[in-house]
Amino acid sequence: WLQQPFVANALPAAVRERWQQPQWQKAQLAGDGIPKARAAVAMNLRNLRTLHEAGVNIGFGTDAGAMPQRVIGVAEHRELELMTQAGFTPAQALQVATADAARLLGLDDRGRIAVGRRADLLV
């Protein structure tokens, strides 16, 4: 991940430095938490797929600022990717992240590109 320009440019300097330290990288690869983390992600994807297929309203969330190693922008792209792994089409995942999220939050002035909506879109 650190070699990808999108990630490297988005990382705060302190996080990039910490992640580049050999002892941090070794700890990430050596721990027995990796299989547990992968199993948890697989369970989350199954749960998300089940909820989606049942017609439950899904919101796109962020815990920006809650965790110092969470990289704003990168995490959202990863969330979109995980949604497609759970069975959403790319268009459905984008709709959840935009129009559906705004609707669930009662923000009628955003979430879609349309006349009278906020133009706070970054592409």
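Residues numbered from 1 in each chain as written. Predicted model: local features only at pLDDT ≥ 70, side-chain atom pairs only at ≥ 80, totals over all residues. Heavy atoms only, no water.

### What about the overall build of the chain?
Now for step 1: Across its full length, the chain carries six helices and zero strands.
Now for step 2: Mapped from its N terminus to its C terminus, the chain presents α and β elements in the order α-α-α-α-α-α.
Now for step 3: Summing over all exposed atoms, the chain offers an accessible surface of approximately 8900 Å²; the carbon and sulfur share of this is 59%. (Helix = DSSP H or I, 4+ residues; strand = E, 2+ residues; numbered from the N terminus. Areas by Shrake-Rupley, 256 points an atom, 1.4 Å probe, with all protein chains shown as cover.)

### Focus on the environment of leucine 48
Now for step 1: Along the chain, the position of leucine 48 falls in helix α4 (residues 33-53).
Now for step 2: In this structure the C-alpha to C-alpha distance between leucine 48 and glycine 87, which are 39 residues apart in sequence, comes to 8.6 Å.
Now for step 3: With residues near it in sequence (within four places) discarded, leucine 48 still touches Ile58, Met83, Ala86 and Phe88. (Contact = heavy atoms within 4.5 Å.)

### Digging into the environment of arginine 70
Now for step 1: Of note, arginine 70 is situated in the loop between α4 and α5 (74-85).
Now for step 2: Among the residues examined, arginine 70 registers a relative accessible area of 14% and is labelled buried.
Now for step 3: Sequence spacing of arginine 70 and leucine 11 is 59 residues, and the spatial spacing of their C-alpha atoms is 8.9 Å. (Buried < 20%, exposed > 50% of the residue type's maximum accessible area, 1.4 Å probe, protein only.)

### Structural notes on the nonpolar core
Now for step 1: Leu45, Leu48, Ile58, Phe60, Leu80, Leu82, Met83, Ala86, Phe88, Ala93, Val96 and Ala101 together form the largest nonpolar core, which totals twelve residues.
Now for step 2: For this core, the secondary structure elements donating two or more residues are α4, α5 and α6 (90-104).
Now for step 3: Apart from residues no more than four positions distant in its own chain, leucine 45 is found in contact with Leu82, Gln85 and Ala86.
Now for step 4: Core analysis: the next-biggest nonpolar cluster, separate from the first, contains six residues, Leu11, Val15, Trp19 and Val74 among them. (Core = buried A, V, L, I, M, F, W, Y, C linked by side-chain atoms within 4.5 Å.)

### Details of the pattern of salt bridges
Now for step 1: A complete count under the given rule lists three salt bridges for this structure.
Now for step 2: The partner of glutamate 81 in a salt bridge is arginine 78, with the nearest N and O atoms 3.4 Å apart. Pair noted here: glutamate 81 and arginine 78 are both in helix α5, with a separation of three residues, about one helical turn.
Now for step 3: The shortest N-O distance in the salt bridge between arginine 103 and aspartate 100 comes to 3.7 Å. With arginine 103 and aspartate 100 both in helix α6 and three residues apart, this pair spans about one turn of that helix. (Salt bridge = Lys/Arg side-chain N within 4 Å of Asp/Glu carboxyl O.)

### Thoughts on α5
Now for step 1: Compared with an ideal rise of 1.5 Å per residue, which puts twelve residues at 16 Å, α5 spans 17 Å between its outermost C-alpha atoms and is within 8% of the ideal.
Now for step 2: Residues Val74, Glu76, Leu80, Leu82 and Met83 constitute the buried set of α5.
Now for step 3: Glycine 87, located one to two residues past α5, shows a positive phi value of around 115 degrees. (Expected span 1.5 Å × (residues − 1).)

Function-wise, these values are silent; they only describe arrangement.
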